[in-house]
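Structural overview
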Amino acid sequence: MGKKVLVLPGDGIGKEVMAEAVKVLHALDGGRSRFDIEERQIGMTAYLQDGTPLSDATLDAADRADAILFGATGGPAYDALPAELRNATGLRLLRKRLALFANFRPAFMFPELADASTLKREVVEGLDLMILRELNGDLYYGEPRGIRELPSGERIGINTMSYAESEIERVAHAGFQAARARRRKLCSVDKANVLEAMLLWREVVTRVSRGYPEVETSHMFVDAAAMALMRNPRQFDVVLTPNVFGDILSDAAAMLTGSIGMLPSASLGAGSKGMYEPVHGCAPDIAGRNLANPLAMILSAAMMLRHSFGLEPEARRVEQAVRGVLAKGWRTADIRQPGTRPAGTREMGDAVVAELTR
Ligand code: NAD
Ligand code: IPM
Ligand code: MN
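Residues numbered from 1 in each chain as written. Chains lettered and ligands numbered in written order. Predicted model: local features only at pLDDT ≥ 70, side-chain atom pairs only at ≥ 80, totals over all residues.

Quick notes on the UniProt feature "binding site: Mg(2+)" (unreviewed entry) in the protein chain
If you check UniProt for "binding site: Mg(2+)" (unreviewed entry), the listed places come out as Asp223, Asp247 and Asp251 in our numbering. By the secondary structure assignment, Asp223 is in helix H10 (residues 222-231). Residue Asp251 is classed as partly exposed on the basis of its 15 C-beta neighbours within 10 Å. The residues contacting Asp251, other than those within four sequence positions of it, are Ile260 and Val279. (UniProt positions renumbered as here; feature names shortened; annotations may be inferred. Helix = DSSP H or I, 4+ residues; strand = E, 2+ residues; numbered from the N terminus. Buried ≥ 20, exposed ≤ 12 C-beta atoms within 10 Å, placed from the backbone. Contact = placed C-beta atoms within 7 Å.)

See below:
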């Protein structure tokens with residue numbers, strides 16, 4: 001039996017981009033994938049089908065899988081479900097249950113897209129940074145949380161930013177190890193000037209940094225980091241962030257590379273099992289119209305080949321194929337430039353397959 005890959009397309013463009021990534025995995029092996037691929041529903045699609053966004057059977061499949069490909073979930077109907085239903089299920093639960101605490105989000109500028117960014121070519125050309133977003137703590141999981149009624153009758157919404165030292169330590173180690181294998185720079189982002197959870201974050205990252213003297217460590221407050229990312233993004237190598245700040249900064253970093261449709265990610269834990277998810281959401285505004293850029297999803301599959309299966313040559317083949325289609329001028333609407341060849345989601349997937357099998 002081959003290694004087990006659980007495919008969770010989700011909602012909206014999640015389904016569209018996932019179909020292309022699965023196509024690419026098959027093409028890699030001449031039409032029949034070496035992986036044992038199981039597909040299941042998650043999100044609103046699953047809720048409509050099974051009455052829950054994430055069924056026990058799907059959770060079991062996630063536990064059994066060697067790696068998971070995740071598309072995107074959400075949409076107006078999903079966001080309107082009761083908070084208990086949304087919060088107890090879905091993406092947040094999977095990330096926590098599988099202890100995937102390190103979310104690597106590489107913002108890499110393909111040279112062919114230097115003019116597709118809304119920032120000037122001279123600012124973004126050659127950009128290659130890695131956001132490492134902590135994924136199991138912070139406001140996303142802190143207790144207490146909820147909407148309560150005050151004695152006055154007014155309601156109060158509560159979320160708690162909290163981080164245990166061990167949670168900060170493990171992701172910091174992951175960050176320094178990544179930096180060591182890259183350009184040996186790490187910038188930790190926090191809000192230590194205001195928040196105690198972030199004061200502890202800075203203290204622990206500083207302590208861990210002493211074990212990595214070869215890595216040049218710096219610290220930035222998140223507001224200043226947002227500015228620096230726009231002003232001079234190439235100063236960064238690894239950017240280590242708490243959960244919430246990483247969520248926000250990575251969408252911004254995506255735009256440096258041309259489009260959020262270009263940014264893949266790997267959510268990793270202590271072992272080789274990982275979940276691979278594009279940074280973007282289910283994009284209700286363009287869903288079902290063959291408009292979505294599938295490259296973030298396809299590049300996420302490449303990260304899976306590399307990190308969960310040690311298939312470095314295969315990962316490179318996929319990344320080179322993406323580079324190849326961009327060089328040939330294929331562009332989805334989000335990265336369209338004058339003089340390029342228009343492609344829909346499927347045409348872009350086909351172009352990657354053609355490049356792989358040429
Ligand atoms: P979004 O990322 O879905 O879309 C933001 C904008 O980027 C939209 O204009 C969209 O058309 C565009 N975009 C996104 N992906 C694209 C792609 N591959 N190609 C071309 N354009 C793309 O964010 P949103 O609109 O804030 O959220 C929509 C829904 O998705 C919400 O329900 C949200 O909760 C959910 N969401 C899910 C995930 C996830 O499942 N990982 C991530 C983010 C948002
Ligand atoms: C992401 C998404 C998710 C997050 C949402 C949909 C829970 O925005 O993966 O970036 O905030 O983590
Ligand atoms: Mn996000």
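Additional details are given in the paragraphs that follow.
Concerning the nonpolar core
Core analysis: the largest hydrophobic core is formed by 105 residues, its most contacted members being Val24, Leu69, Ile298 and Ala301. For this core, the element with the most residues is helix H12 (residues 295-307), which contributes ten residues. Both domains that furnish three or more residues to this core are identified here as domain 1 (1-101 + 269-358) and domain 2 (103-262). For Ile298, the residues in contact, after removing those within four places along its chain, are Glu20, Ala21, Val24, Val318, Val322 and Val352. (Core = buried A, V, L, I, M, F, W, Y, C linked by C-beta atoms within 7 Å. Domains from an automatic or database assignment.)

Considerations on the UniProt feature "site: Important for catalysis" (unreviewed entry) in the protein chain
UniProt records the feature "site: Important for catalysis" (unreviewed entry) for Tyr140 and Lys191 in the present numbering. Its location among the elements puts Tyr140 in the loop between strand E5 (128-134) and strand E6 (146-149). Among the residues examined, Tyr140 registers 19 C-beta atoms within 10 Å and is labelled partly exposed. Beyond its immediate sequence surroundings of up to four residues, Tyr140 is in contact with Arg92 and Asn243. Relative to the helices and strands, Lys191 is located in the loop between strand E8 (185-190) and helix H9 (196-209).

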